[in-house]
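Summary of the model geometry
As a plain string of letters, each chain reads:
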Amino acid sequence: MQKLGKQTIKFDAPPTILETASIVGPKESQGPLSKYFDNLLEDEFWGEETWEKAESKIIKETVNLVINKSGLPADIIDYCFAGDLLNQCISSSFGLRELNIPYFGIFGACSTFVEGMILSSILTESGAANNVLFGASSHFCSAEKQFRFPLELGNQRPPTSQWTVTGAGAGIITKSGTGPFVTLATPRKNSR
């Protein structure tokens, strides 16, 4: 690895994105990218009692899916970087606790997925790991409760308000493979 300029990382032996997986909610299922998702949910609860439990299930099933698609046994995955939009990455923490893989909870909001991919790549290139899992999740209903207009209050949403995705994505970075490769990474600067 080497540093280019003030913030770019160049990987000398570029890590491979071995596999990816995604599960999304009903609104995302209706969009133009629906054919690219692995699983399309019909409702926000997905058989769970709360939105938070549904989000934990979504990240858990997405991670299990990427592991199955990769063909790697879970016990040779060295680390996991994952996060969500809830306090203390609670959905990821609960959803991934049965994996028994060393876990780093990360919170980068919209950048969590890519942040996890960069950190996974750094770990594999450094020799500290051979296979690293990364993922991110969010749930519109739980994010609204925490950040914007709790749905339980029946607030009127402004026409310009954002819509947080209901879904999860996961990937596995490996030390060697045939690509696609992570060749460069440029984290943003935290400045005003």
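Read on for an overview of the structure. (Residues numbered from 1 in each chain as written. Predicted model: local features only at pLDDT ≥ 70, side-chain atom pairs only at ≥ 80, totals over all residues. Heavy atoms only, no water.)

1. Comments concerning the packing of aromatic side chains
Taken as a whole and assessed by the stated rule, the structure comprises four aromatic pairs. Geometrically, the ring pair formed by Tyr79 and Phe104 is tilted, given 5.9 Å between the ring centres and 45° between the ring planes. Placement of Tyr79 in strand β5 (residues 79-83) and of Phe104 in strand β6 (residues 103-105) is noted, with a sequence separation of 25 residues between them. Tyr79 sits in the partly exposed class, given a relative accessible area of 26%. What makes Phe104 partly exposed here is its relative accessible area of 38%. (Phe/Tyr/Trp six-rings, centres within 6.5 Å; stacked < 30°, edge-to-face > 60°. Helix = DSSP H or I, 4+ residues; strand = E, 2+ residues; numbered from the N terminus. Buried < 20%, exposed > 50% of the residue type's maximum accessible area, 1.4 Å probe, protein only.)

2. Describing unusual backbone geometry
Cis geometry marks the peptide bond from Gly179 to Pro180, where omega comes out at 5°. With respect to the helices, strands and loops of the structure, Pro180 is situated in the loop between β8 (167-174) and β9 (184-185). A positive phi angle, near 45°, is found at Trp46, a position not held by glycine. With respect to the helices, strands and loops of the structure, Trp46 is situated in the loop between β4 (39-40) and α2 (51-70). In this structure Trp46 comes out as partly exposed when scored by relative accessible area, which is 21%. You will see that Asn100, though not glycine, has its phi angle at about 60°, which is positive. For Asn100, the position within the fold is in the loop between α3 (90-96) and β6.

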